[in-house]
Amino acid sequence: MTQQAEASRPHIPLQDRLRQLLDGPVALDKRALLGTLYAEVSRYETLAYAAGWNDALAMTRRPSHRDDDA
């Protein structure tokens, strides 16, 4: 899925999404459930990793005010 498509998806907390999968109208067999859970957790990890990189890049772009204090 592209980043643009990811951004357009509503943010659902992981616990809520897992609850939806477990309590949903379609009963999944063990293999399908584990595959779906793995995909969901991987998606959240990818988003968190990207957010961390974005935060780190933003911090490196900020001018340092420590030199002004010296």
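Owing to the predicted nature of the structure, the values given are computational and were not obtained by experimental measurement.

The rules we used
Residues numbered from 1 in each chain as written. Predicted model: local features only at pLDDT ≥ 70, side-chain atom pairs only at ≥ 80, totals over all residues. Heavy atoms only, no water. Helix = DSSP H or I, 4+ residues; strand = E, 2+ residues; numbered from the N terminus. Buried < 20%, exposed > 50% of the residue type's maximum accessible area, 1.4 Å probe, protein only. Areas by Shrake-Rupley, 256 points an atom, 1.4 Å probe, with all protein chains shown as cover. Salt bridge = Lys/Arg side-chain N within 4 Å of Asp/Glu carboxyl O. pLDDT = per-residue confidence, 0-100. Patch = residues over 30% accessible without salt bridge, like charges linked within 9 Å, V, L, I, M, F, W, Y side chains within 5 Å.

Peer 1: Help me understand the overall build of the protein, please; the structure alone is not making it clear to me.
Peer 2: Check the secondary structure of the protein and you find 4 helices and 0 strands. A total of 70 residues make up the protein; the buried ones form 7% of that total. Within the structure as shown, the protein displays about 6400 Å² of accessible surface, and the carbon and sulfur contribution to it stands at 58%.

Peer 1: Sorry, what's going on with the pattern of salt bridges here?
Peer 2: Inspection of the entire model under this criterion finds 1 salt bridge. In this structure, D16 engages R19 in a salt bridge whose closest nitrogen and oxygen atoms are separated by 2.9 Å. You can see D16 and its partner R19 sitting in helix α2 (residues 14-23), 3 residues apart, about one turn around the helix. Residue R19 is classed as partly exposed on the basis of its relative accessible area of 47%.

Peer 1: Mind showing me how you'd approach the confidence of the model for the protein here?
Peer 2: Atomic detail in the predicted coordinates should be set aside for any region of low pLDDT. Looking at the protein as a whole, the pLDDT averages 76, with 76% of positions reaching at least 70. Mean pLDDT across the elements of the protein ranges from a minimum in helix α1 (residues 3-8), with 53, to a maximum in helix α3 (residues 30-61), with 84.

Peer 1: What exactly am I supposed to notice about a nonpolar patch on the surface here?
Peer 2: A surface patch of nonpolar side chains, amounting to about 350 Å² of accessible area, comprises Y49, W53 and L57. When you line up the elements, W53 lands in helix α3.

Peer 1: Could you clarify how one ought to interpret the environment of I12 in this entry?
Peer 2: By the secondary structure assignment, I12 is in the loop between α1 and α2. Residue class for I12 comes out partly exposed when judged on its relative accessible area of 25%. Spatially, the C-alpha atoms of I12 and Y44 are 10.0 Å apart, while their sequence positions differ by 32 residues.

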